[in-house]
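# Report on the structure
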Amino acid sequence: MHPYSPSRLGNGRCAAATSTASTPSSPSSPRFRHCRSKFSQGAGGGGARVGAAKQSLVERVVVVLITSVFKRRGLLLFAPLLYISGMVLYMGSFSFDVDLNNVGGVVVRKRAPPGSVYRSPQVFEKLWPYMEAENNGSRHALMTAWNPKPIQRWKPCSRMSITNEGLPNSNGFLIIEANGGLNQQRLSICDAVAVAGLLNATLVIPIFHLNSVWQDSSKFGDIFDEDFFIPALHNYVNVVRELPGEILEQFDNNISSIVNLRVKGWSSPTYYLEKVLPKMIRMRAVRIAPFSNRLAHDVPSYVQRLRCLANFEALRFADPIRTLAEKMVERMIKNSSQSEGKYVSVHLRFEMDMVAFSCCEYDGGDEEKREMDVARERGWRGKFRRRGRVIRPGVNRMDGKCPLTPLEIGMMLRGMGFDNTTSVYIAAGKIYYEAKYMAPLRQMFPRLETKDTLATPEELAVFKGHASRLAALDYTVCLHSEVFVTTQGGNFPHFLVGHRRHMYGGHAKTIMPDKRKLALLFDSPNIRWESFKQQMQDMLHHSDSKGFQLKKPSASLYTFPMPDCMCKQMEGGNEDNNSTQLK
């Protein structure tokens, strides 16, 4: 029997109806013949020819596509698809698991991508015995954390030359309102000094806005030393404590009556000279509120130097803050006798509002989700419930956007070689479920201190209820540590990193964790201790290599004070020929 005979492949009547359309050398498929006969019955002979043409076109397209795969150009076309498919398989997005309780046998289950789930407690349970075995190591990590490069030494040089003529007559008064927390206020103050110098204006001591989050009613003089600030700038910018009476009378003795200029964020010096200065000259006083982030990062060098002068020399904390902070630093040094007075400080951002804002999930289950929903609605009413907004905790974790827990910070530091004799200072607000989350960190570092353990209740009493003043204590203790660890960004670490560069010869002495990498490592309960240690050592060395960094045009001077606020020195203390000493 012929292999394509109707008796074997299909309906004989269908084949007979289309036999005249078949060729002896290439018989058509019975399925195609069946479709064409049905089409011809409904539409006539013309319809059959159209159907055949369409089918023939589809066949040709399929053949061309298949053939192109085997050609070089075809492979290039399919390369993205092949790459994506390979990554999906590699990352394990899907897995085929056998469910013995299922009669069907094989089921497809979605597997969480690596790094998307909080499994740090399981990793700690696995690695803790190895950490214990390395306690009281003979080679203390604080002694070898940084690899100094003498040829890269820098020194502060932010003061500008002073002319005998003194400052020209003022063009008017500049009033600004600083909003936010401690370091956002600091940013506003320093930028206001720079703008006042640019406009040749007299700066009125900034007004502090009562922030809805910080809830701190402190005024400038409660946090910063006014008696030091004003004379420190007198050769560069005129500063007064309050607006003179005759100017205030012009506005009915009400500062709120002074025109408030709505200056756009990151405005250029040209904008201030062309838009703000004429109004200041005409009205004798202008007000800018709020003022945070109202001056561009990239400005002329003489404007940058005013920022440097204000931040690193003119601004210092008020006497009560400075006195207690110095005592706390002395106590940390005394507690760190086994490491020659050196200690580690950590800016821990694991307060409830930070955890809620990050939209990350930990190990609190449904109760944690409910608490976070309430906290988000309380702090940012409606923001997280907008139409179209989707919260993806796993994606946030893989992207390195989740606040590190105290447990994760402890494991990271132990992996870097800091043993249980290391003194650690934690700068933080109220930790989310403090008893639960801080316990493993204390287990790894028994010599752990906070402002509440380092200072007495009586010493802290005058600061309670004033978040900015408490933050100033943390800032000072962190500033003088041998190692500073930043975990979640924000103005606190940005200012502190730059301040430490200014203090320590240009090196930040700061650990900046790769949180994407950590998310993968903390999601590997079977990871080996030696492998984990190597990864942590690499992360420490990377932070060391990034300690010396010059400011890029779009970057903040407060984080990168070189070269605007510092001069480079050659080995032996000689200055680089390319740098200019500012006196």
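Being a predicted model, the structure only gives us computed values, none of them experimental.

### A short note on the overall build of the protein chain
Helix and strand content of the protein chain: 24 helices and 14 strands. Looking at the protein chain residue by residue over its 583 residues, the buried ones come to 46%. Once local pairs closer than 6 in sequence are excluded, the contacts in the protein chain between residues at least 24 apart make up 75%. Accessible surface, the protein chain: about 30700 Å² in total, of which carbon and sulfur atoms supply 54%.

### Brief notes about the nonpolar core
Judged by nonpolar contacts, the single largest core of 83 residues is most densely connected at Leu174, Leu199, Phe224, Phe229, Tyr272 and Leu473. No other element matches the eleven residues that helix α7 (residues 182–199) contributes to this core. Both domains that furnish three or more residues to this core are identified here as domain 1 (121–149 + 320–568) and domain 2 (173–316). Leaving out residues up to four positions away in the same chain, Phe224 has contacts with Leu182, Arg186, Ile189, Phe208, Leu315, Arg316, Phe317 and Ala318. Of all hydrophobic cores here, the second largest spans 52 residues; its members include Tyr118, Trp128, Met372 and Met539.

### Things to note about the state of the cysteines
All told, the structure shown has three disulfides when counted by the stated rule. Here Cys308 connects covalently by a disulfide to Cys565, the sulfurs 1.8 Å from one another. Since a negative S-S torsion denotes a left-handed disulfide, the Cys308-Cys565 link at about -70° is left-handed. Separated by 257 residues along the polypeptide, Cys308 in helix α12 (residues 301–314) and Cys565 in the loop between α24 (529–545) and β14 (566–568) bring together distant segments of the chain. In this structure, Cys308 and Cys565 share a single accessibility class: buried. Between the sulfur of Cys360 and that of Cys402 lies a disulfide, 2.1 Å long from S to S. Note on the Cys360 and Cys402 pair: the S-S dihedral is about -95°, so by sign convention the disulfide is left-handed. Taken as a pair, Cys360 in the loop between α14 (352–358) and α15 (365–379) and Cys402 in the loop between α16 (393–398) and α17 (406–415) lie far apart in primary sequence, 42 residues in all. Side by side, Cys360 and Cys402 carry an identical accessibility label, which is buried.

### Remarks on empty space enclosed by the protein
For the structure on display, the rule yields two cavities of 30 Å³ or more. Its volume calculated, the largest cavity comes out at about 100 Å³. Arg397, Leu404, Glu408, Lys515 and Ala519 are, among the 15 residues lining the largest cavity, the residues nearest its centre. When residues of the lining of the largest cavity are assigned to their parent elements, the largest contribution, three residues, is made by helix α23 (residues 515–521). The class makeup of the residues in the lining of the largest cavity is eight nonpolar, two polar and five charged. Space inside the second largest cavity adds up to approximately 40 Å³. Taken together, Gly180, Gln185, Phe208, His209, Asn211, Trp214, Asp216, Ser218, Ile223 and Ser468 form the lining of the second largest cavity. The class makeup of the residues in the lining of the second largest cavity is three nonpolar, six polar and one charged.

### Side note on the side chain of Thr487
With respect to the helices, strands and loops of the structure, Thr487 is situated in the loop between β12 (483–486) and α22 (491–503). The class of Thr487 is buried, set by a relative accessible area of 3%. Sequence-distant contacts of Thr487, defined by excluding residues within four places in its chain, comprise Val346, His347, Leu348, Arg349, Leu404, Ile409 and Lys515.

### Some words on α22
For α22, with 13 residues, the first-to-last C-alpha span of 18 Å sits near the 18 Å given by 1.5 Å per residue. Counting buried positions over the 13 residues of α22 gives ten, a clear majority of the element. Within the span of α22, buried status applies to Phe492, Pro493, Phe495, Leu496, Val497, Gly498, His499, Arg500, Arg501 and His502.

### Structural notes on the pattern of salt bridges
One pass over the full model with this rule turns up 20 salt bridges. Across the pair Asp373 and Arg376 runs a salt bridge whose closest N-O atoms are separated by 2.9 Å. Placement of both Asp373 and Arg376 in helix α15 is noted, with a separation of three residues, approximately one turn of the helix. Exposure remark for Asp373: the relative accessible area of 37% places this residue in the partly exposed category. For Lys451, the salt bridge identified is with Asp474, shortest N-O distance 2.7 Å. Of this pair, Lys451 sits in helix α19 (residues 451–454) while Asp474 sits in helix α21 (residues 467–479); the two residues are 23 residues apart in sequence, bridging distant segments of the chain. A relative accessible area of 4% places Asp474 in the buried class. Overlapping salt bridges, with partners in common, bring together Asp225, Arg316, Asp319 and Arg322 in one network.

### Examining the packing of aromatic side chains
Throughout the structure, instances matching the rule amount to 20 aromatic pairs. Seen in terms of ring centroids, Tyr271 and Tyr272 are 6.1 Å apart; in terms of plane orientation they differ by 90°. Their pairing is edge-to-face. Given a relative accessible area of 0%, Tyr272 falls into the buried group. Judged by centre distance (6.0 Å) and plane angle (25°), the rings of Trp529 and Phe532 are stacked. Here Trp529 pairs with Phe532, and both are found in helix α24, just three residues apart, close to one helical turn. Residue Trp529 is classed as buried on the basis of its relative accessible area, which comes to 5%. Look at Phe532 and you get buried, because its relative accessible area is 0%. Chaining the aromatic ring pairs together yields one cluster made of Phe208, Phe220, Phe224, Phe229, Phe317, Tyr475 and Phe492. In this arrangement the basic side chain of Arg316 is found over the ring face of Phe228, its NZ or CZ atom lying 4.1 Å from the centre. In this arrangement the basic side chain of Arg397 is found over the ring face of Tyr362, its NZ or CZ atom lying 5.0 Å from the centre.

Cut-offs and rules
Residues numbered from 1 in each chain as written. Predicted model: local features only at pLDDT ≥ 70, side-chain atom pairs only at ≥ 80, totals over all residues. Heavy atoms only, no water. Helix = DSSP H or I, 4+ residues; strand = E, 2+ residues; numbered from the N terminus. Buried < 20%, exposed > 50% of the residue type's maximum accessible area, 1.4 Å probe, protein only. Contact = heavy atoms within 4.5 Å. Areas by Shrake-Rupley, 256 points an atom, 1.4 Å probe, with all protein chains shown as cover. Core = buried A, V, L, I, M, F, W, Y, C linked by side-chain atoms within 4.5 Å. Domains from an automatic or database assignment. Disulfide = S-S within 2.5 Å. 1 Å grid on protein atoms, 1.4 Å probe; cavity = no way out; pocket = protein on both sides within 12 Å on 5 of 7 lines; lining within 4 Å. Points joined across faces, edges and corners; volume = space filled by probe spheres on them. Nonpolar A, V, L, I, M, F, W, Y, C, P; charged D, E, K, R; others polar. Expected span 1.5 Å × (residues − 1). Salt bridge = Lys/Arg side-chain N within 4 Å of Asp/Glu carboxyl O. Phe/Tyr/Trp six-rings, centres within 6.5 Å; stacked < 30°, edge-to-face > 60°. Lys NZ or Arg CZ within 6 Å of the ring centre and 35° of its normal.

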